[in-house]
Amino acid sequence: MPGLAGVPAARSAVSDVDGQRGVLVYRGIRIEELCAKSSFLETASLLLFGRLPAKPDLDRFVEDITRHRRVKYRIIDLLKCLPEQGHPMDALQAAVAALGMFYPGRNVKDIDNNYWSAVRLIAKLPTIVAAYARLRRGDDHISPRDDLSFCENVLYMLSDRVPEKVLSETLDICLILHAEHTMNASTFTGLVTASTLADPYTVVASSIGALKGPLHGGANEEVVQMLREIGTPARVRPYLERKLKANEMIMGFGHRVYKVKDPRATILQGLSERLFKECGTSPLYEVALEVERVAADLLGGKGVYPNVDFYSGIIYDKMGIAIDFFTPMFAMARVAGWLAHWFEQLQENKLFRPDQIYEGEHNRPYVPIEKR
Ligand code: ACO
């Protein structure tokens, strides 16, 4: 089955998608409810441990994350050595792989150790992302501030300013929406690595590699590039018609599972409207609305509608985040889902070793080089 479409790769209780009705649940709770009532760290705790945390448990988890946000200066030095033109996802992947060398507790059967690995990864990814964003433009990195919330601190480390409430609240919802999504390519990649009993830093580094691709997390970058290229609503229809005629994909549209509009895209659209009302509109938004209208006309018949990447880029763009940092923002949320699946995988681990359909030859003679 190409792309393993429709083939279950694991049993999981982390999340579920109904692609026909556009419903996504984390541990049974609808994503709309979590976005309205929860926070990213509470949602991460729900994903990792299977239930909404009681107040003391949540306080402890938030405290643990807050205390582990700093990264070793050698990781900062490593980031300083990377080329400024390099992609931030490559920098993040390298830094996360290197992170594991500082925490050599390799025994993944040690539950306590696994908890602290999960805490470190969730806590440190934003620090690495923000440090690379600043270092590559010649600014010094900014250490995390313990008095700031998770999302306030992310934006503070990026910009050196404590953000307005609307920005940190918007980011918090974006992170909830990106935290988990069943057996997607990066989660599956992580599980394959986890099944070898590799350490969690290697698991997450491999997931980051899979997330980078334009058919997965990388699509949000291309959406904003496309909207900028189109420029005005009037140019949308000819642009899309030209693309489709050339058999090119419209980025931010279509999904292996959803055959209706991705519920995360609906929430992000509402979120972007609130953000633009409070912080001034974005010219990209009018173009995006027209793309959605025209694409529904041209592609709706195939069940192709906006996915999570369609509106997230517009929001990050409005927050002043550089285009190539959109996918790292995705990664700092999705790490919660990757780790939740890693916990599950370890409970009943079996090495992934699928079969293949061999289409090559047998009994071929070895021809000496002078006779080929
Ligand atoms: N633009 C134009 N046509 C599309 C698009 C699109 N974005 N998505 C699907 N289609 C068409 C296909 O060409 C196909 O047409 P056909 O039946 O005439 O051949 C039909 O719709 C069915 O699509 P499939 O390719 O079978 O869907 P698949 O599940 O393989 O692809 C995928 C899903 C890879 C996400 C695809 O929709 C795509 O490439 N989208 C653009 C990239 C993107 O936005 N990726 C982000 C996904 S969300 C995420 O990973 C976080």
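Novice: Provide a residue-level description of the overall build of the protein chain, including the pertinent values.
Specialist: A count of helical and extended segments in the protein chain gives 16 helices and 3 strands. Computed over C-alpha atoms, the radius of gyration of the protein chain comes to 21 Å, within 12% of the 21 Å expected from 2.2 N^0.38 for 372 residues, which places it in the range of a compact globule. If one aligns the C-alpha atoms of the protein chain with their principal axes, the spans along those axes are about 70 × 55 × 45 Å. Considering only residue pairs separated by 6 or more positions, the protein chain has 76% of its internal contacts joining residues 24 or more positions apart. Entry remark: accessible area of the protein chain is about 18,100 Å², with carbon and sulfur atoms responsible for 52%. Side chains of the protein chain give 46 positive and 46 negative charges; the mean places of these two sets differ by 2 Å.

Novice: Mind laying out the pattern of salt bridges, listing which residues take part and the relevant values?
Specialist: This model, assessed by the stated rule, comprises 23 salt bridges. Here K80 ties to D77 by a salt bridge, and the two come within 3.9 Å at their closest N and O atoms. Separated by 3 residues within a single helix, K80 and D77 lie in helix 4 (residues 73-81), roughly one turn from each other. A relative accessible area of 32% means that D77 is categorised as partly exposed. Here E248 makes a salt bridge to K243, at a shortest N to O gap of 3.0 Å. In this structure E248 comes out as partly exposed when scored by relative accessible area, which is 39%. Ionic contacts of the salt-bridge type, sharing partners, join the residues E63, D64 and R67 into one network.

Novice: Can you tell me about the site of the ligand, naming the residues and giving the values?
Specialist: The local shell around the ligand holds 20 residues, among which I250, G252, F253, R256 and K302 are the closest. Between the ligand and H216 there is a distance of 2.9 Å, counted from an oxygen atom to a side-chain nitrogen or oxygen. Contacts to the ligand include F253, whose backbone N or O atom sits 2.8 Å from a nitrogen atom. Here the ligand, which alone exposes 920 Å², has 70% of that area covered by the protein.

Novice: Describe the nonpolar core, listing the residues and the values that go with them.
Specialist: Within soluble globular proteins, side chains that are nonpolar tend to cluster in buried spots. In this structure, F40, I122 and V291 are the most contacted members of the largest nonpolar core, which totals 120 residues. With 14 residues, the single largest contributor to this core is helix 6 (residues 111-135). Residue contributions to this core reach at least three from each of two domains, namely domain 1 (31-214 + 326-347) and domain 2 (219-318).

Novice: Can you lay out the sheet that holds strand 2 (residues 23-26) for me, pointing to particular residues and giving the numbers?
Specialist: A sheet is described by the order of its strands in space; here 3 strands give the open sequence 1-2-3, paired in antiparallel fashion. In the strand order of this sheet, the two ends are held by strand 1 (15-18) and strand 3 (29-30), each with one partner. In this structure, strand 2 lies alongside strand 3, joined through 2 bridges in antiparallel fashion. Residue pairing across strands places Y26 opposite I29, the latter belonging to strand 3.

Novice: Can you break down the pairing of strand 2 residue by residue, with the values?
Specialist: Across the two faces of strand 2 the burial is the same, with V23 and V25 and L24 and Y26 all buried. When strand 1 meets strand 2, the two strands line up antiparallel, connected through 4 bridges. By the bridge assignment for strand 2, D16 is matched with V25. Between strand 2 and strand 3, which follow one another and run antiparallel, lie 2 residues, and R27 among them has a positive phi close to 50 degrees.

Parameters and conventions
Once a new chain begins, its residue numbering starts again from 1 and follows that chain's sequence as written. Two thresholds apply to this predicted model, a pLDDT of at least 70 for residue-level local features and 80 or more for giving and counting side-chain atom pairs, whereas whole-chain, interface and lining totals are computed over all residues. Neither water nor hydrogens contribute to the side-chain values; these are computed over all heavy atoms in the structure. By definition, any uninterrupted DSSP run of H or I lasting at least four residues is a helix, any uninterrupted run of E lasting at least two residues is a strand, and each is numbered from the N terminus. The globule rule is 2.2 Å times the number of residues to the power 0.38, and the radius of gyration it is compared with is taken over C-alpha atoms. Only heavy atoms matter for contacts: two residues are in contact if any of them lie within 4.5 Å across the pair. Here, Shrake-Rupley sampling with a 1.4 Å probe gives the accessible areas, and only protein chains in the shown set may cover a residue. By the counting scheme adopted, Arg and Lys are positive, Glu and Asp are negative, and His together with the chain ends is not counted. To locate a charge, take atom NZ for lysine, CZ for arginine, CG for aspartate or CD for glutamate. Salt-bridge detection follows one rule: a side-chain nitrogen of Lys or Arg within 4 Å of a carboxyl oxygen of Asp or Glu. Throughout this description, buried means an accessible area under 20% of the type-specific maximum (1.4 Å probe, protein chains only), exposed means over 50%, and partly exposed covers the range between. Note on terminology: near, applied to a residue and a molecule or strand, indicates that one of the residue's heavy atoms is within 4 Å of it. Counted as a polar contact is a pair of N or O atoms within 3.5 Å, where, for protein atoms, one must be capable of donating a hydrogen and the other of accepting one, and residues adjacent in sequence contribute only when both atoms are in side chains. By nonpolar core we mean a set of buried residues, namely Ala, Val, Leu, Ile, Met, Phe, Trp, Tyr and Cys, connected to one another through side-chain atoms within 4.5 Å. Marked domain ranges trace back to an automatic or database domain assignment. Any two strands with at least two DSSP bridges between them are considered paired.

These figures capture arrangement, not role.
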